[in-house]
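What the coordinates show
Given next are the chains, with one letter for each unit.
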Amino acid sequence: MISPTRCSLTVPTRIFSLAANGSSRDPNPPSEKAFVTADVTSFDAIVIGSGISGGWAAKELCDKGLKTLVLERGRDVAHIKDYPTANLNPWELPHRGAMSRQQLKENPLISKAAGYGEDTAHFFIKDQDHPYVQEKPFDWIRGYQVGGKSLTWGRACQRWSKYEFTAPERQGYGMNWPIGYDDVAPWYSHVEKFIGVCGNRDGLAAMPDGEYLPPFDFNCVEKHLSEKVRAHYGNRYIVQGRWAHLSQPKEIHLQQGRGTCQARNLCMRGCPYGGYFSSNASTLPWAAKTGNLTIRPDSVVHSIIYDEAKGKATGVRVIDAHTHAVTEYHSRTIFVNASALNTNLILLNSTSRRFPNGLGNDTGLLGRYVCHHNYRAAANGKIAGFEDQYFYGRNPTECILANFRNLGKQDTDFVGGYTTFTGAYRERPEPADRVGGAYKDALAQPGPWGIYMYMQGETIPKQTNHVRLHSTMKDQWGIPLLVTSVHYDDNDEKMIRDWLAEAKQMLEVAGCHAVETRDNHQAPGLDIHEMGGARMGSDPKTSMLNEWNQLHACKNVFVTDGACMTSTGNQSPSILYMALTARAVNHAADEMAKQNL
Amino acid sequence: MNRREAVKTTTAFLGGVLLTSNGLLVACARDTSNASGKILTVDDQSLIEEIADTLLPTTPASPGAKAAGAGAAINLLLTDCYEPDVQERVVNGLTEFRRTCDKRTGSSFASLPKNDREELLREIDLQAQKAGDAHYFGLVRELALRAYFSSEIGKTKALRFVLVPGKWVGCVPLSPGQPAWG
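Every chain is numbered on its own, with residues counted from 1 as its sequence reads. All chains are assigned letters beginning with A, and all ligands numbers beginning with 1, in the order in which they are written. The predicted nature of this model means local features are confined to residues of pLDDT at least 70 and side-chain atom pairs, given and counted, to a pLDDT of 80 or more, with totals for whole chains, interfaces and linings taken over all residues. The side-chain values count all of the structure's non-hydrogen atoms but skip hydrogen atoms and water molecules.

1. Some words on the overall build of chain B
To keep it simple, the criterion reads: Counting from the N terminus, the helices are DSSP H or I runs at least four residues long and the strands are E runs at least two residues long. Only protein chains enter the accessibility calculation, which uses a 1.4 Å probe; a residue whose area is less than 20% of its type maximum is buried, one above 50% is exposed, and one in between is partly exposed. Contacts: residue pairs with any heavy atoms within 4.5 Å of one another. The method behind every accessible area is Shrake-Rupley, applied with a 1.4 Å probe, and residues are considered shielded solely by the protein chains displayed.
A count of helical and extended segments in chain B gives 7 helices and 1 strand. Along chain B, from the amino end to the carboxyl end, the secondary structure elements read α-α-α-α-α-α-α-β. By residue count, 45% of the 182 residues in chain B fall in the buried class. Contacts spanning at least 24 positions in sequence make up 56% of the contacts within chain B whose residues lie at least 6 apart. Only carbon and sulfur atoms are counted for the fraction: they give 58% of the accessible area of chain B, which is about 9100 Å².

Below, the structure written as structure tokens:
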């Protein structure tokens, strides 16, 4: 198993020696004093954040021979070694997977996150450690550790369709992206091959095909659902989703030390098989193997340093999470991958005489056009029959009903589209006699089949939906608190109503009875798909980033996490962040070679 | 049988013996001390385990709630994971249960023959279904099911749980009597 170069901030000498190992710049044994010398604090590139996009930035930069420092505000999490619950049986967890009343009381916000439980809570923050101000209700879900939320992500990897890049302007609800599907397609391929994505090639305009490993099978009811819906509507396709799981690893995955997904569906504990993609299992150890990587956990980034004379950013100011000591690191280029809202926070906090309102923020647009995915609506129904059919294993993937709304042209009273996740399962039986041996044995049998659906809807980027720095309140590191001011609008409500009606009808078309639909009214943010604030665009007057994810006004700073999103589309966004990151690093390396950066 | 299961079975067996002798003692003096800082007293824990084991008894197919150590698990879950008002409803409910049992049968629940225990639970369950969520028995059932089906015995002997399935097969025939996946 490959192990990445790691260092702890509390052992500065190790950082030095590891950097020296990688670069052989300084063969002398380091001292405490040496820690702050230019040699250890200077790199070709600094990546802020080690999550799904930061890990990709690190891998691509290191592959190109660039000495790279990854700054992670949270603790170190080494692949396998730091997955304490990965191999526990359910009954070996103290409360069989449930959180204690005390822990829930202390963490009313983070405990709402999907997948949060006794077996995964250590990969989420604790509420009290990281306050922010909700001007409007917003559940900001965070995972501060090496690997970030790539440990706990949903793993869905659909490509954006060409329509999603252009729909906002075409249908009048936003601005065009400075790039289109064809610009990203080769980078999608690049990422898919490396991380391993399983799925079918379905030939759908709404969800383009990529480089796929074999998909997970439908179960018999999912097959039935897919056939019924397609037969009834003609143009509604329920297909295998595309997921970052190694259904059949290739050489490139074996080289990463990863193996076949074992269908445990315990992914969010961290996978000891490397069966799904995470920074920890894949990009970070890969980057470390080049000898070009230094990771510093426990490094809270305060701001990016701008040098007015040079007209560019020269480094990053870091606060030790524990000692609060401040260190500055320098590099030729900086990738900001701190997670969408933290990236906004860092840029807003990076003030200088040239940029009094935040780095690159000449227009006042930084922090604006924050958007998310709408996960409010869900439906389920029971379906008779198929009792003699079952499945084996725990499927870590779901089926996807590709978007069929406003595709290419507007055909509803709202704008934007929605992806629908769906799947079939067997319920627990409900025996009539509720006492005794026959009851217990009946409860242990598979019950009737059910089908669930839930939506992932596009939301409209709006200038009014924003984040900003609080004028007085600060966190324990003296960094201003983030204020969130994001809410739903009428378009969201219309989309929800449409989805609920369509889902009910589709479940009935499939032969379901007892169909139930619901709007959970969850706050924005709980989707964990927050995006925008530093959107890409062709015009520096209306956007923060150019077509290569560079700040228009400070070209050696790249933003390639969710903050860069011009619109939300309806696909799960992580793989787009990865593709944009790889594309941006390629551009950065070219520009550095040409001495343009 | 692996080592852990062997140990657990022995413990469960010894536990059964102890509880029986304890049950005899209870006739003269109830043990109302709390089980190691838990919400339920030693007595209440044995009573709720008796109820759980009547709901979910050992059958030829699988060991029951008592063998699965449901009493201790219920006490732990109730103590750590449930709100004080729910805890109170369960504790008061068990007192009411004792009273009802004594009134109907003149003896303690544990000492009743199996059929009488089942009959009493069916009767109370009917009342609970009529009364809705406010009735304690729904909670007792929830705790029993939760503790049993999350236990090693419940997960592996009643249901089937495989930590590492190794593969996913979407559609396979279900053989008659095949348990559900845990």
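2. Structural notes on the packing of aromatic side chains
Residue and element names in this part refer to chain A. Our working rule: A pair of Phe, Tyr and Trp rings is counted when the ring centres sit within 6.5 Å of each other, with Trp represented by its six-membered ring. The angle between the planes then sorts it: under 30 degrees is stacked, over 60 is edge-to-face, the rest tilted. Criterion for a charge above a ring: Lys NZ or Arg CZ within 6 Å of the ring centre, and within 35 degrees of the ring normal.
Following the criterion strictly, the structure yields 28 aromatic pairs over all chains and no others. With 4.8 Å between their ring centres and 40° between their planes, Tyr390 and Phe391 make a pair best called tilted. Taken as a pair, Tyr390 and Phe391 share a single burial class, namely buried. Arranged with centres 5.5 Å apart and planes meeting at 85°, the rings of Phe404 and Tyr418 form a pair that is edge-to-face. Taken together, the residues span a long stretch of sequence, with Phe404 in the loop between strand E14 (399-401) and strand E15 (418-426) and Tyr418 in strand E15 at a distance of 14 residues. Exposure remark for Phe404: the relative accessible area of 8% places this residue in the buried category. Judged by relative accessible area, which is 1%, Tyr418 ranks as buried. Ring pairs connect the aromatic residues Trp243, Tyr375, Phe421, Tyr425, Tyr452 and Tyr454, which therefore count as one cluster. In this structure, Arg535 is placed above the aromatic ring of Tyr369, and the distance from its NZ or CZ to the ring centre is 3.6 Å.

3. Describing the packing of helix H5 (residues 114-131) of chain B against helix H6 (residues 136-149) of chain B
Residues and elements named next belong to chain B. Our working rule: Axes here mean lines fitted to C-alpha atoms, for a helix over just the part in contact, with angles spanning 0 to 180 degrees between N-to-C directions. Any residue that is not Ala, Val, Leu, Ile, Met, Phe, Trp, Tyr, Cys, Pro, Asp, Glu, Lys or Arg is counted as polar, Gly included; the first ten are nonpolar and the last four charged.
At a closest axis distance of 8 Å, the pairing of H5 and H6 adopts a crossing angle of 120°. Residues Leu121, Ile124, Asp125 and Ala128 of H5 lie in contact with H6, whose contacting residues are Tyr136, Phe137 and Arg141. Partitioning the contact of H5 with H6 into residue classes produces 5 nonpolar, no polar and 2 charged.

4. Structural notes on the sheet that holds strand E19 (residues 512-519) of chain A
Residue and element names in this part refer to chain A. Here is the rule we go by: Strand pairing is assigned whenever DSSP identifies at least 2 bridges connecting the two strands.
Across the sheet, 6 strands lie side by side as E6-E14-E15-E16-E12-E19; this open sheet has antiparallel pairing. On the outer flanks of this sheet lie strand E6 (238-240) and E19, each paired with one strand and no other. Recorded for the sheet is a direction-independent mean angle of 25° between the axes of neighbouring strands.

5. Examining the confidence of the model for chain A
The test is simple: The pLDDT score gives, residue by residue, the confidence of the prediction method on a 0 to 100 scale.
In this model, chain A carries an average pLDDT of 93, and 93% of its residues clear a pLDDT of 70 or more. Below pLDDT 50 for its whole length, residues 1-39 of chain A participates in 76 contacts with residues either more than four positions away or in separate chains.

6. Some points on the nonpolar core
If you look at soluble globular proteins, the nonpolar side chains tend to sit buried side by side. Spelled out, the test is: To define a nonpolar core, start from buried Ala, Val, Leu, Ile, Met, Phe, Trp, Tyr and Cys residues and group those joined through side-chain atoms within 4.5 Å.
Counting residues in hydrophobic clusters, the biggest one holds 95 residues, and the most contacted among them are Trp499 of chain A together with Ile51, Leu56, Phe97, Phe109 and Phe137 of chain B. For this core, the element with the most residues is H6 of chain B, which contributes 10 residues. Every residue in contact with Trp499 of chain A, bar those within four places of it in the chain, is listed here: Ala377, Ala378, Ala379, Tyr418, Thr420, Met453, Tyr454 and Met455 of chain A. With 70 residues, the next largest nonpolar core counts Ile48, Ile304, Val336 and Cys371 of chain A among its residues.

7. Examining the environment of Ile153 of chain B
Secondary-structure assignment places Ile153 of chain B in helix H7 (residues 152-158). Ile153 of chain B sits 88 residues away from Ala65 of chain B along the chain, and the two C-alpha atoms are 8.6 Å apart.

8. Topic: unusual backbone geometry
Residues and elements named next belong to chain A. The phi dihedral of Arg155 falls on the positive side, at around 75°, and the residue is not glycine. Its identity is not glycine, yet Gln595 carries a phi of approximately 65°, on the positive side. You can see Gln595 is positioned in the segment after helix H13 (574-593). Judged by its relative accessible area of 61%, Gln595 is exposed.

9. Quick word on the packing of helix H4 (residues 84-105) of chain B against H5 of chain B
All names here are of chain B. Where we set the bar: An angle counts as roughly parallel when it lies under 35 degrees, as roughly antiparallel when it exceeds 145, as roughly perpendicular when it falls between 65 and 115, and as oblique in every other case. The sense of a crossing depends on the near helix, which, turned anticlockwise from the far helix by less than a right angle, makes the crossing left-handed and, turned clockwise, makes it right-handed.
Packing of H4 against H5 leaves a shortest axis separation of 11 Å and a crossing angle of 125°. In terms of orientation, H4 lies oblique with respect to H5. For H4 against H5, the interelement crossing comes out right-handed. Of H5, the residues touching H4 (which contributes Phe97, Thr100, Cys101 and Arg104) are Leu120, Leu121, Glu123, Ile124 and Gln127.

10. Comments concerning H13 of chain A
In an α-helix, one full turn covers 3.6 residues, which means residues spaced three or four apart are oriented alike. Residue and element names in this part refer to chain A. As a reminder, the rule being used: How far a helix is expected to stretch is found by multiplying one less than its residue total by 1.5 Å.
Helix length check: H13, at 20 residues, gives a terminal C-alpha distance of 29 Å against a target of 28 Å (1.5 Å per residue), a fit within 8%. Of all 20 residues in H13, 17 are buried; the element is thus mostly enclosed. Just beyond H13, the residue with positive phi is Gln595, at close to 65°.

11. Topic: the side chain of Ser151 of chain B
Along the polypeptide, Ser151 of chain B turns up in the loop between H6 and H7. Taking the relative accessible area as the measure of exposure, Ser151 of chain B reaches 2% and is therefore buried. Beyond its immediate stretch of four places on either side in the chain, Ser151 of chain B contacts Trp91 and Arg96 of chain A together with Ala68 of chain B.

12. Overview of the interface of chain A and chain B
Our working definition: In short, buried area is how much 1.4 Å probe accessible area vanishes from two parts on joining, totalled over both. Salt bridge criterion: a side-chain nitrogen from Lys or Arg within 4 Å of a carboxyl oxygen from Asp or Glu. Throughout this description, a polar contact denotes any pair of N or O atoms lying within 3.5 Å of each other; where both atoms belong to protein, one of them has to be capable of donating a hydrogen while the other can accept it, and for residues adjacent in sequence the pair is counted only when both atoms sit in side chains.
Every contact between the two is made by 49 residues of chain A and, on the other side, 60 residues of chain B. Summing both partners gives a buried area of about 4500 Å² for chain A against chain B, and 57% of it is carried by carbon and sulfur. Between chain A and chain B we count 3 salt bridges in total. The residue Arg122 of chain B makes a salt bridge to Asp433 of chain A at a minimum N-O spacing of 2.9 Å. Counting every contact that joins chain A to chain B gives 31 residue pairs in polar contact (both at pLDDT 80 or more). For the side of chain A that touches chain B, the secondary structure elements donating two or more residues are helix H4 (101-106), strand E13 (389-392) and helix H11 (437-443) of chain A. A total of 5 residues in the side of chain A that touches chain B trace back to one element, the largest contributor, which is H11 of chain A. Partitioning the side of chain A that touches chain B into residue classes produces 21 nonpolar, 13 polar and 15 charged. Both E13 of chain A and strand E1 (residues 169-173) of chain B contribute to a ladder of 3 bridges, which runs antiparallel. For Gln389 of chain A, the partnering residue across the bridge sits in E1 of chain B and is Pro173 of chain B.

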